[in-house]
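Notes for the structure review
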Amino acid sequence: MSGPLAPGQVVLRRYFKRGDTISVVKYTRVVSDDDRGLLLWIANGSPLRWLKAADGRGLHDLPFAEWITTPKRLWPGRWRGSGPGILVLMPPEAAHSVWWFWDQHGRFDSWYINLEQPPVRWRDGDLAGVDTVDYDLDVVVSPDGSWRWKDEHEFEERQAFPEHYWVDDPAAVRAEGERVVERFEAGQFPFDGSWCDFRPDPAWTVPADLPAGWDRARALAAAA
């Protein structure tokens, strides 16, 4: 896909497990697309798809050994957060994204470092998207300078099943998190106050469902 995406463009942010198994599809809109990365807005109430067990339990609700064998399907849902929505920045070729969270009163609350595979962009007619793999281990960072790992137990538990787990190099994932935390502790971009007062375009509506084509084949990175 060539050329930057325009502000307001709808983009599907999709997560995969191993192979072509979709785990999450989120409806987003472009805020900006430049040398700092692709910045997306996910409004509260935006439609999504989420891979869950056939009985409705999610990946966090059961041991990984059980998740591996349980029947699963993609459930429809909506993004629900405490504030009006979240911003997601995907720096160029980075193995992480940075999220901005607000509280119910619209006040900036915290950042979230989502460790993930460098995303692959795609365009299919009027539809655009970014495909990635969520590496499970994350970091929550706060304006007061504190930070903590998130989902460490699950990250470590799943490493006991390498033939099923979608993280091939756990040490590299943790090292990426540590590098981003160093930038946070130094107050470097994007942890320098950028976009903490962001407000979305009021014309950006939230549809009833994802657009057709949300389940297209996974886009893969070009061979070097």
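Here's a quick rundown of the structure. Each chain has its residues counted from 1, running along the sequence as written. Where local features are concerned, this predicted model is filtered to residues with pLDDT of at least 70; where side-chain atom pairs are given and counted, the filter is 80 or more; whole-chain, interface and lining totals use all residues. To obtain the side-chain values, all non-hydrogen atoms of the structure were included, while hydrogens and water were left out.

**Thoughts on the overall build of the chain**
- Each helix is a run of H or I in the DSSP string that is no shorter than four residues. Each strand is a run of E no shorter than two, and both are numbered from the N terminus. In terms of helices and strands, the chain carries 3 helices and 12 strands.
- Atoms counted for the radius of gyration: C-alpha only. Globule rule: 2.2 Å times the number of residues to the power 0.38. A globule of 224 residues ought to have a C-alpha radius of gyration of about 17 Å, and the chain, at 17 Å, matches this closely.
- Counting only C-alpha atoms and orienting by the principal axes, one finds that the chain spans roughly 45 × 40 × 40 Å.
- Out of the 224 residues belonging to the chain, those deemed buried represent 50%.
- Note on contacts: a residue pair qualifies if any of its non-hydrogen atoms lie within 4.5 Å across the two residues. For the chain, the share of sequence-separated contacts (at least 6 apart) that also reach a separation of at least 24 residues comes to 58%.
- Per-residue and other accessible areas were derived by the Shrake-Rupley procedure at a 1.4 Å probe size, with only the shown protein chains allowed to occlude residues. A total accessible area of about 10800 Å² is found for the chain, and carbon and sulfur atoms account for 50% of it.
- Each charge class in the chain was averaged separately, 26 positive and 35 negative side chains, and the resulting centres sit 6 Å apart. For every residue, the accessible area obtained with a 1.4 Å probe (protein chains only) is divided by the maximum for its type, and the residue is called buried under 20%, exposed over 50%, and partly exposed between those limits. Under the convention used here, Asp and Glu are negative, Lys and Arg are positive, and both His and the chain ends fall outside the count. We put the charge of a Lys on NZ, of an Arg on CZ, of an Asp on CG and of a Glu on CD.

**A look at the pairing of strand β3 (residues 37-43)**
- Burial runs high along β3: 7 of the 7 residues are buried.
- Here, strands pair whenever DSSP counts at least two bridges between them. One ladder, built from 5 bridges, connects strand β2 (residues 22-34) with β3; its direction is antiparallel. Bridge pairing in β3 places S32 opposite L39.
- Between β2 and β3, which follow one another and run antiparallel, lie 2 residues.
- Here β3 runs beside strand β6 (residues 85-90); their pairing, made up of 6 bridges, is antiparallel. When the bridges of β6 are listed, L40 appears paired with V88.

**Some points on helix α3 (residues 170-185)**
- For α3, built from 16 residues, the straight-helix expectation of 22 Å at 1.5 Å per residue is met to within 8% by its first-to-last C-alpha distance of 23 Å.
- For α3, the set of buried residues is V173, E176, G177, V180, V181 and F184. Buried residues along α3 cover an arc of 135° about the axis, so they all sit on one side. Turned more than 90 degrees off the buried face of α3, the exposed positions are A171, E182 and E185.
- If you follow the buried residues of α3, they end up packed against β7 (96-102), β8 (108-116), β11 (134-141), β12 (147-150) and α2 (152-158).
- Of the residues trailing α3, G187 is marked for its positive phi of about 70°. A helix's residues, less one, multiplied by 1.5 Å, set its expected span. The arc in question is the one traced by the directions running from the helix axis out to the C-beta atoms.

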